[in-house]
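The primary structure of each chain is shown beneath.
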Protein chains: 2
Amino acid sequence: MQRLRNLEAWLEYKSSLLKGIYEDRVIGYLDPGVEKYLEVFNKPTLLATTSSCTGRITIVEGLWHWEREEARILYKTHDPVNVDVVFKHLSRKFLKNVWLKVTGPILHFRTPSLRCASKLLQYARTSGFKHSGLISLNPTGGHTVEVMSGVQLMIPLMREGVVVVSEKSLESIVVMANEALEEGRRRLEKLRSKISSGLDACEP
Amino acid sequence: MQRLRNLEAWLEYKSSLLKGIYEDRVIGYLDPGVEKYLEVFNKPTLLATTSSCTGRITIVEGLWHWEREEARILYKTHDPVNVDVVFKHLSRKFLKNVWLKVTGPILHFRTPSLRCASKLLQYARTSGFKHSGLISLNPTGGHTVEVMSGVQLMIPLMREGVVVVSEKSLESIVVMANEALEEGRRRLEKLRSKISSGLDACEP
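Summarised in this report is the structure supplied together with it.

About the cut-offs
Residues numbered from 1 in each chain as written. Chains lettered and ligands numbered in written order. Predicted model: local features only at pLDDT ≥ 70, side-chain atom pairs only at ≥ 80, totals over all residues. Heavy atoms only, no water. Helix = DSSP H or I, 4+ residues; strand = E, 2+ residues; numbered from the N terminus. Contact = heavy atoms within 4.5 Å. Areas by Shrake-Rupley, 256 points an atom, 1.4 Å probe, with all protein chains shown as cover. Lys, Arg positive; Asp, Glu negative; His and termini not counted. Charge placed at Lys NZ, Arg CZ, Asp CG, Glu CD. Buried area = accessible area lost by both parts, 1.4 Å probe. Salt bridge = Lys/Arg side-chain N within 4 Å of Asp/Glu carboxyl O. Polar contact = N/O pair within 3.5 Å; in protein donor to acceptor, adjacent residues only side chain to side chain. Buried < 20%, exposed > 50% of the residue type's maximum accessible area, 1.4 Å probe, protein only. Arc of directions from axis to C-beta. Axes fitted to C-alpha atoms, helices over the stretch in contact; angles between N-to-C directions. Left-handed = near helix turned anticlockwise from the far one by under 90°. Nonpolar A, V, L, I, M, F, W, Y, C, P; charged D, E, K, R; others polar. Pairing = 2+ DSSP bridges. Patch = residues over 30% accessible without salt bridge, like charges linked within 9 Å, V, L, I, M, F, W, Y side chains within 5 Å. Least-squares fit on C-alpha atoms with pLDDT ≥ 70 in both. Expected span 1.5 Å × (residues − 1). Disulfide = S-S within 2.5 Å.

1. Here's the deal with the overall build of chain A
- Of the regular secondary structure elements, chain A holds 5 helices and 9 strands.
- Scanning chain A from its N terminus toward the C terminus, one meets helices and strands in the order α-α-β-β-β-α-β-β-α-β-β-β-β-α.
- Summarising its shape, the C-alpha atoms of chain A cover approximately 65 × 30 × 30 Å along the three principal directions.
- Sequence separation of 24 or more characterises 71% of the internal contacts of chain A that already satisfy a separation of 6 or more.
- Accessible area of chain A: about 10100 Å², with a carbon and sulfur share of 52%.
- Mean positive and mean negative side-chain charge positions of chain A (29 and 23 charges, respectively) differ by 4 Å.

Okay, structure coming up:
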């Protein structure tokens, strides 16, 4: 009886999460290309996504790439970049510290079941998301699983107003960034494929 | 009764882990400077460290920094580096892809208690270790908590045999690396201080 009530509460909560995703899609806030993943990731009854990024490339101004609050995004895309774009942003006036960042896919899942969370972590790890973990425990609102890989690049392009990367190497840096973005997507595809063929641990 | 037996099993397991750490110290395998942390981190009854690094700087050869198996470590230190060392390694013959890596502190904890794990995660997060999480669940051998921050640098120094970073910027790259190492240590110190003033959730 208690279990049934918990399940009902979860389903209600999950449906409110899915409604949020639907609204994000309507207002165009959703990361393009993410929908095919969301459908599969939200199919298991005890699993729901609360945030999801398929990976992106940004050009960011800030002293350190890990200080997100202090950083200013100069450019952002979910597609490959070309060298002209990077060069253009690097040539803007009054810049001091500039990074080229590639952030691989990052997903947040909720689940009320530790068994489900544990299986998801296993799938994530074997799909190449080695930095995945349960980041908070909360049996009522759902435990949160963060799925993340080491596929990331944070390349300092400019430091204290001086361009760090030699001009002739900018092209190869851009190639790296695009390859990293692609590698992240390959891993995401692996995870999608694993979850789509069933996740028994995430059924009530 | 069951609980007591579990606690006994855990204490036995923990004591074998601590013995391993002691042996690592005797053979000089232990990361220098880590001992003052290990003492504090292993004090709560339901907590034990299984691996711990206070942060390090490496020069690594390999196509991608995240492919650890394929990478060759050319140089490794737990102390600040100077530009001559980096320059010397970058001048070695037959190199293709070289990275300067700063890895912030990474710690693995075991605990049989989810309540303890949850509190540890909270302490880790508020100390600046934003990428911390429970990476595996196992009530018998202990759940594993990974404590990790975003304080990391992976700077490509050479790509396909061509030096990427302009020679005059090598100095400022080295300064960055040393500052990042220091920032990691500051966060580790915060975590140490929090845990040393008590972790009730990790007492039986």
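2. With respect to the interface of chain B and chain A
- The interface of chain B with chain A comprises 38 residues on the first partner and 38 residues on the second.
- A buried area of about 3000 Å², summed over both sides, lies between chain B and chain A, and 66% of it is on carbon and sulfur atoms.
- Joining chain B to chain A, the criterion identifies 0 salt bridges.
- Summed over the shared surface of chain B and chain A, the result is 9 residue pairs in polar contact (both at pLDDT 80 or more).
- Broken down by secondary-structure element, the contributors of at least two residues to the side of chain B that touches chain A are α4 (114-126), β6 (133-136), β7 (143-148), β8 (152-159), β9 (162-163) and α5 (170-196) of chain B.
- The greatest single-element share of the side of chain B that touches chain A, amounting to 7 residues, is contributed by α5(B).

3. Brief notes about helix α3 (residues 83-90) of chain B
Residue and element names in this part refer to chain B.
- Turning to α3, its buried residues are V85, V86, H89 and L90. The arc enclosing the buried residues of α3, seen along the axis, measures out at 130°, which places them on a common side. What points out from α3, more than 90 degrees from its buried face, is the exposed set D84 and K88.

4. Section: the packing of α3(B) against α5(B)
All names here are of chain B.
- Axis separation between α3 and α5 bottoms out at 9 Å; the angle between their running directions is 115°. Taken as a pair, α3 and α5 cross one another with a handedness that is right-handed. Each of V83, V86, F87 and L90 in α3 lies in contact with α5, whose residues at this interface are L170, E171 and V174.
- Its residues placed into classes, the contact of α3 with α5 shows 6 nonpolar, no polar and 1 charged.

5. What about the sheet that holds strand β8 (residues 152-159) of chain A?
- If you trace the 5 strands from one edge of the open sheet to the other, you get β3-β2-β4-β8-β9 (chain A), paired in antiparallel fashion. Single-partner strands in this sheet number two, and they are β3 (72-77) and β9 (162-163) of chain A.
- Of the pairings in the sheet, the one linking strand β2 (residues 56-61) of chain A to β3(A) comprises 5 bridges and is antiparallel in character. Counted as the bridge partner of E61(A) is R72(A) from β3(A).
- The sheet strands contacting α5(B) are β4 (98-103) and β8 of chain A, and the helix crosses β8(A) at an angle near 130°.

6. Notes on a nonpolar patch on the surface
Residues and elements named next belong to chain A.
- Taken together, Y22, V26, I27 and Y29 make up a surface patch of nonpolar side chains, about 520 Å² in accessible area.
- Tracing the backbone through its elements, the reader meets Y29 in the loop between α1 (2-26) and α2 (35-41).
- We classify Y29 as exposed; its relative accessible area is 64%.

7. A word on the sheet that holds strand β2 (residues 56-61) of chain B
- In space, the 5 strands of this open sheet follow the order β3-β2-β4-β8-β9 (chain B), with antiparallel pairing throughout. Pairing within the sheet leaves two strands with one partner each, and these edge strands are β3 (72-77) and β9 of chain B.
- Where strand β4 (residues 98-103) of chain B lies against β8(B), 6 bridges are found, and the strand directions are antiparallel. Looking across to β8(B), one finds that K101(B) is bridged to M154(B).
- Helix α5 (residues 170-196) of chain A contacts β4 and β8 of chain B of the sheet and is inclined by roughly 130° relative to β8(B).

8. Digging into the relation of the copies chain B and chain A
- Expressed as a screw operation, the relation of chain B to chain A combines 0.0 Å of axial shift with a rotation of 180°, fitting to an RMSD of 0.0 Å. The superposition of one copy onto the other is thereby described by a two-fold rotation axis.

9. Some points on α5(A)
- With 27 residues, α5(A) extends 39 Å between its outermost C-alpha atoms, agreeing within 8% with the 39 Å of an ideal straight helix rising 1.5 Å per residue.
- One or two residues past the end of α5(A) sits G198(A), with phi positive at roughly 110°.

10. Topic: the pairing of strand β5 (residues 106-111) of chain B
Residue and element names in this part refer to chain B.
- Looking at chain direction, strand β1 (residues 48-53) and β5 are connected through 5 bridges and run antiparallel. Bridge pairing links S52 to L107 in β5.
- The pairing of β5 with β7 spans 6 bridges and is classified as antiparallel. Looking at the pairing, R110 lines up with T144 of β7.

11. Some remarks on the state of the cysteines
Residues and elements named next belong to chain A.
- A full pass over the atoms with the stated rule returns 2 disulfides over all chains.
- Here C116 pairs with C202 through a disulfide, and the sulfurs are 2.1 Å apart. Around the S-S axis, the bridge from C116 to C202 shows a dihedral of about 95° and counts as right-handed. With C116 in helix α4 (residues 114-126) and C202 in the segment after α5, this residue pair connects regions lying 86 residues apart in the sequence.

12. Thoughts on unusual backbone geometry
- Notably, F94(A) is not glycine yet its phi reads approximately 65°, a positive angle.
- On the accessibility criterion, F94(A) (80% relative accessible area) is exposed.

Function-wise, these values are silent; they only describe arrangement.
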